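Results of the structural survey
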Amino acid sequence: MPSAKDSIYANPLQEIGDFSFDSQVVDVFPDMIRRSVPGYNTIINAIGLLTGKFAQHDSYCYDLGCSLGAATLSMRQQIEAENCTIIAVDNSQAMIEQLQDNLFANTGHVHVETRCADVRNIDVQRASVVVVNFTLQFIPLADRHALLSKIYRGMLPGGILIISEKIQFNDACQQNLQTEMHHAFKKAQGYSDLEISQKRTALENVLIPETFAQHQQRLLEVGFNSAEQWFQYFNFVSMVALK
Ligand code: GEK
């Protein structure tokens, strides 16, 4: 997906409001996420490979917090199971509208249904694959358990949940090191110190990271047989949980 360059935080802002997924963000989103999330492309590719293995006949594959559909398109490419539908959900109207254009330009044999909705309000059913790629971190802490429990209950036996998150660390030295290295990653991608610091302020009350242990414990609590990390690049991880 071609994208305009992200320069939203390049100039000093009088007041930095909370980050939101509006049309200004949509226009630069592919560039923004690739230059901000270490390992993003690797994770998107792996989501396709895992979906190819786990998608079952007569089932649904969900992409929750799908943004412009990078994971959806990767899943679509790899699904061989018959009668499998991808359900792509995001509560940003601007994201869903652009996703619909992206899907129009992408031909694939797997049907994709888009929904503009809050992931907390949708039904999950007959799911063989559920992807929550950097979305849970934007859900209020108090709602995360209920959301994952609903996902678990809506999954078929043998199903997989792929969940990627920015994480934090209990150990202060690790927290400082991994944060510093994430900023080094962003600088190497061309972001200035001002852009990094203004974006951090905008995300402060919006993106709430947890530790890997908290994620793992919750996934086991809601019922998954196992939950492990398959990828980490500084303070960004991707996990797989099996039903
Ligand atoms: C990707 N998965 O490219 N309900 C629905 N959508 C939500 C909610 C909610 N309650 N809260 C946030 N979102 C994508 C990247 S971006 C991650 C995901 C990032 C949506 C929000 O509108 C946005 O599109 C997405 O979750 C998070 O693989 O920008 O760091």
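Here the structure is shown first, and the text comes after it.
So, here's what we can say about the structure. On a predicted model such as this, the values are computed, not experimentally measured, just so you know.

Quick word on the environment of Ala70
Here Ala70 shows up in helix 3 (residues 70–78). Remark: the alpha-carbon pair of Ala70 and Leu148, spanning 78 residues in sequence, is separated by 22 Å.

Some points on the pairing of strand 1 (residues 59–64)
Among the six residues that make up strand 1, five are buried, leaving the element largely enclosed by the rest of the structure. As defined by bridge partners, strand 1 adjoins strand 2 (residues 84–90) across six bridges and the pair is classed as parallel. By the bridge assignment, Tyr60 is partnered in strand 2 with Thr85. Direction of pairing for strand 1 relative to strand 4 (residues 127–133): parallel, over a ladder of four bridges.

A closer look at the packing of helix 2 (residues 40–54) against helix 3
One can describe the packing of helix 2 onto helix 3 by two numbers: an axis separation of 7 Å at closest approach and a directional angle of 40°. The hand of the helix 2/helix 3 crossing is right-handed. Taken together, the residues of helix 3 that come into contact with helix 2 (itself represented by Tyr40, Ile44, Asn45, Ile47, Gly48, Leu49, Thr51 and Gly52) are Ala70, Ala71, Ser74, Met75 and Gln78.

Comments concerning the pattern of salt bridges
Two side chains of opposite charge can pair, provided their charged atoms sit close to one another. Within this structure, the stated rule accounts for seven salt bridges. Among the ionic pairs, Asp31 bridges to Arg35, the shortest N-O distance being 3.0 Å. With a gap of four residues between them, Asp31 and Arg35 both fall in helix 1 (residues 23–36), about one helical turn apart. A salt bridge links Lys187 to Asp193, with the shortest nitrogen-to-oxygen separation between them at 3.2 Å. One salt-bridge network, held together by shared partners, links Asp118, Arg120 and Asp143.

Side note on the side chain of Thr135
Mapped onto the elements, Thr135 comes out in the loop between strand 4 and helix 5 (141–153). Given a relative accessible area of 10%, Thr135 falls into the buried group. A polar contact of 3.0 Å, which involves the side chain of Thr135, links it to the backbone oxygen of Leu64.

Let's talk about the site of the ligand
By nearness alone, 21 residues border the ligand, and Tyr40, Gly65, Ser67, Asp90 and Asn133 come closest of all. The contact in question runs from a nitrogen atom of the ligand to an N or O atom on the side chain of Asp118, over 3.0 Å. Of the residues that constitute the shell around the ligand, the class distribution is twelve nonpolar, seven polar and two charged.

A closer look at the pairing of strand 7 (residues 236–242)
For strand 7, a buried count of six out of seven residues is recorded, marking the element as mostly surrounded by other parts of the structure. Relative to strand 7, strand 5 (residues 155–166) runs antiparallel, the two sharing seven bridges. The residue of strand 7 that forms the bridge with Ile163 is Met239. A loop of two residues connects strand 6 (residues 226–233) with strand 7, the two strands running antiparallel in sequence, and Phe234 in this loop sits at a positive phi of about 55°.

A few points about the packing of helix 5 against helix 8 (residues 212–222)
Each pair of packed helices can be summarised by the angle the axes make with each other and by the distance between the axes. Where helix 5 meets helix 8, the closest approach of the two axes is 9 Å, and the angle between their N-to-C directions is 50°. Here helix 5 is positioned oblique relative to helix 8, judged by the angle of their axes. Taken as a pair, helix 5 and helix 8 cross one another with a handedness that is right-handed. Taking contact as the criterion, the partners of Arg144, His145, Leu148, Ser149 and Tyr152 in helix 5 are, on helix 8, Arg218, Leu219, Glu221 and Val222. Tallied by class, the residues present in the contact of helix 5 with helix 8 amount to four nonpolar, two polar and three charged.

Reading guide: rules and limits
Residues numbered from 1 in each chain as written. Predicted model: local features only at pLDDT ≥ 70, side-chain atom pairs only at ≥ 80, totals over all residues. Heavy atoms only, no water. Helix = DSSP H or I, 4+ residues; strand = E, 2+ residues; numbered from the N terminus. Buried < 20%, exposed > 50% of the residue type's maximum accessible area, 1.4 Å probe, protein only. Pairing = 2+ DSSP bridges. Axes fitted to C-alpha atoms, helices over the stretch in contact; angles between N-to-C directions. Left-handed = near helix turned anticlockwise from the far one by under 90°. Contact = heavy atoms within 4.5 Å. Salt bridge = Lys/Arg side-chain N within 4 Å of Asp/Glu carboxyl O. Polar contact = N/O pair within 3.5 Å; in protein donor to acceptor, adjacent residues only side chain to side chain. Near = heavy atom within 4 Å. Nonpolar A, V, L, I, M, F, W, Y, C, P; charged D, E, K, R; others polar. Parallel < 35°, antiparallel > 145°, perpendicular 65-115°, else oblique.

Read these as geometric descriptors, not functional statements.
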